[in-house]
Amino acid sequence: MVREPRRGTGPRRLGVLGTLVRDTIRHSGARSPVEAWGGIAYALAALDAVLPPGWTLVPLVKVGSDLYGEAAAWLGSLSRVGDPSFVRPVTEANNRVELVYSTPSDRTEFLTGGVPGWTAAELDEVLPTLDALYVNFIAGWELDLEAAHRVRRGFCGPTYADLHSLFMDIDADGRRRPRPLATAEEWARCFETVQMNRDEFALFVGDAGEPWATVLWALAGRAGTIVVTHGAAGVELMTSTTATGPPERHRFPVPNGPAPGDPTGCGDIWGATFFAHTLGGDDLPVAATKASRLARSKLLSSGAEAFRTTLATAGSSASPRTM
């Protein structure tokens, strides 16, 4: 099934699908942990600041009944949300994550809560209302593969997916740990742009004899760009130029170089900002540079609430949409 573009008046609608998490962030040497909104909150905060004119946000977020009131209030504070009708309470406890940093960049994650993902049938209700779709696998089960295939077959607008926690398993005690994903290439073929960090990319290509064969197979599907984030070393963009040759690869360093701070959410902010700027017409190098600049600014704060305060402060001297 190929869906016709949404017809209607008013702003274009960007669906943002992910899980809103209540984080507890513990840094080595810090006196006390930071408790704040995390997960899809970072992407929403960035999009609220940089979404181009003529677009509005449509959060596709299920929230546990124990935190629904607080979550609804936070989401209601975002100025670019045009339709909150797909923010839905569920009976399960909301997802909570404890992040324990052993170094400035290495951490252990513990997950509790059980907010379910979105089914293919639910997407059939949502997709016809959207012009573009951003998906972030925060828990790792926001969509199953059937639902992702529904996006590929039934949605013709621009799509972006951060595959992140698809590469994460969970132990009995809630500890997250990396895992290979046998169907990784199938997932990547369901979206126009897919993002993963360097460790996830290593799991993505696996130990096949020629890793670029995996990349090219994914790029032969819907995917046109694969983004690999390298933390303080910047990002790499891969695009296909021929059916058999190696992908075209571009590296973009972080503007002004590495910086200290809390990296929680930087990858989420990068992807959301990059996608927003491509929706606004920026080419890939310009969008990547702007995304890296905004993600770098996140290092100054912990939690989505503090990040929004940082954006507001920056906005007093320069518009975030130019970042």
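Residues numbered from 1 in each chain as written. Predicted model: local features only at pLDDT ≥ 70, side-chain atom pairs only at ≥ 80, totals over all residues. Heavy atoms only, no water.

**A word on the overall build of the protein chain**
(1) Moving on: Counting secondary structure elements, the protein chain contains ten helices and 15 strands.
(2) Moving on: Across the 323 residues of the protein chain, 53% fall into the buried class.
(3) Moving on: Counted over contacts in the protein chain with a minimum sequence separation of 6, partners at least 24 positions apart contribute 70%.
(4) Moving on: Carbon and sulfur atoms form 54% of the exposed surface of the protein chain, whose accessible area is close to 13400 Å². (Helix = DSSP H or I, 4+ residues; strand = E, 2+ residues; numbered from the N terminus. Buried < 20%, exposed > 50% of the residue type's maximum accessible area, 1.4 Å probe, protein only. Contact = heavy atoms within 4.5 Å. Areas by Shrake-Rupley, 256 points an atom, 1.4 Å probe, with all protein chains shown as cover.)

**Some details on the nonpolar core**
Nonpolar side chains in soluble globular proteins generally cluster together in the buried interior.
(1) Moving on: Core analysis: the largest hydrophobic core is formed by 56 residues, its most contacted members being Leu14, Tyr134, Trp270 and Phe274.
(2) Moving on: With ten residues, helix α1 (residues 40-50) is the largest single contributor of residues to this core.
(3) Moving on: Not counting residues up to four positions away in its chain, the partners in contact with Tyr134 are Leu14, Gly15, Val16, Leu17, Ile40, Ala43, Tyr160, Asp268, Gly271, Ala272 and Phe275.
(4) Moving on: In terms of nonpolar packing, the next biggest core, distinct from the first, is built from 39 residues, Leu123, Ala147, Leu163 and Leu219 among them. (Core = buried A, V, L, I, M, F, W, Y, C linked by side-chain atoms within 4.5 Å.)

**A look at helix α6 (residues 198-205)**
(1) Moving on: Within the sequence span of α6, burial applies to Glu200, Phe201, Phe204 and Val205. Along the axis of α6, the buried residues cluster in a sector spanning 130 degrees; they form a single face.
(2) Moving on: One side-chain oxygen of the residue at the start of α6 lies 3.1 Å from the amide nitrogen of Asp199, identifying that residue as Asn197.
(3) Moving on: With its phi angle positive at about 65 degrees, Gly206 sits one or two positions after the end of α6. (Arc of directions from axis to C-beta. Polar contact = N/O pair within 3.5 Å; in protein donor to acceptor, adjacent residues only side chain to side chain.)

**Structural notes on the side chain of Glu109**
(1) Moving on: With respect to the helices and strands, Glu109 occurs in strand β7 (residues 107-112).
(2) Moving on: You can call Glu109 buried: its relative accessible area is 12%.
(3) Moving on: Engagement of the side chain of Glu109 in a polar contact is seen with the side chain of Arg107, the distance being 2.9 Å.
(4) Moving on: When sequence neighbours within four positions are dropped, the list of residues in contact with Glu109 reads Val97, Glu98, Leu99, Gly174, Arg175 and Arg176.

**Concerning the environment of Glu305**
(1) Moving on: Mapped onto the elements, Glu305 comes out in helix α10 (residues 304-315).
(2) Moving on: Considered as a pair, Glu305 and Tyr42 are 263 residues apart in the sequence and their alpha carbons are 8.8 Å apart.
(3) Moving on: Other than its neighbours up to four places away in sequence, Glu305 contacts Arg22, Ala36, Trp37 and Trp74.
(4) Moving on: Polar contacts involving the side chain of Glu305 include one to the main-chain amide nitrogen of Trp37, which spans 3.0 Å.

**Some words on the packing of helix α8 (residues 266-279) against helix α9 (residues 284-298)**
How two helices sit against one another is set out by the angle between their axes and by the gap between those axes.
(1) Moving on: Orientation of α8 relative to α9, taken along the N-to-C sense of each, is 145 degrees, at an axis distance of 8 Å. Viewed along their axes, α8 and α9 form a crossing whose handedness is right-handed. Contact with α8, carried on its side by Cys266, Ile269, Trp270, Thr273, Phe274, His277 and Thr278, involves Leu284, Ala287, Ala288, Lys290, Ala291, Ser292, Leu294, Ala295 and Lys298 of α9 and no other residues of that element.
(2) Moving on: Classifying every residue of the contact of α8 with α9 by side-chain character gives ten nonpolar, four polar and two charged. (Axes fitted to C-alpha atoms, helices over the stretch in contact; angles between N-to-C directions. Left-handed = near helix turned anticlockwise from the far one by under 90°. Nonpolar A, V, L, I, M, F, W, Y, C, P; charged D, E, K, R; others polar.)

**Brief notes about unusual backbone geometry**
(1) Moving on: Here Asn256, not a glycine, exhibits a phi torsion of approximately 70 degrees, which is positive.
(2) Moving on: Checked against the element boundaries, Asn256 lands in the loop between β15 (248-252) and α8.
(3) Moving on: Residue class for Asn256 comes out exposed when judged on its relative accessible area of 71%.

**Section: the pairing of strand β8 (residues 132-136)**
(1) Moving on: Of all the five residues making up β8, five are buried; the element is thus mostly covered by neighbouring parts of the structure.
(2) Moving on: Along β8, one buried face is formed by Ala132, Tyr134 and Asn136 and the opposite face, lined by Leu133 and Val135, is buried too.
(3) Moving on: Pairing geometry for strand β1 (residues 12-17) and β8, over four bridges, is parallel. The residue bridging Gly15 from the neighbouring strand is Leu133, located in β8.
(4) Moving on: For β8 and strand β9 (residues 159-162), the ladder comprises four bridges, and the chain directions are parallel. If you follow Tyr134 over to β9, its bridge partner there is Tyr160.
(5) Moving on: In this view, the connection linking β8 to its parallel neighbour β9 by way of helix α4 (residues 145-154) has right-handed handedness. (Pairing = 2+ DSSP bridges. Right-handed = clockwise from strand over helix to strand, strands pointing away.)

**Thoughts on the sheet that holds β15**
(1) Moving on: Strand order in the open sheet made by the nine strands is β5-β4-β1-β8-β9-β12-β13-β14-β15, with mixed pairing throughout. Because the sheet does not close on itself, it has two edges, and the strands there are β5 (87-90) and β15. Here the strands of the sheet are splayed against their neighbours by 15 degrees on average, with no regard to which way each runs.
(2) Moving on: Sheet strands in contact with α6 are β12 (193-197), β13 (225-229) and β14 (235-239), and its direction is about 110 degrees off that of β12.

Function-wise, these values are silent; they only describe arrangement.
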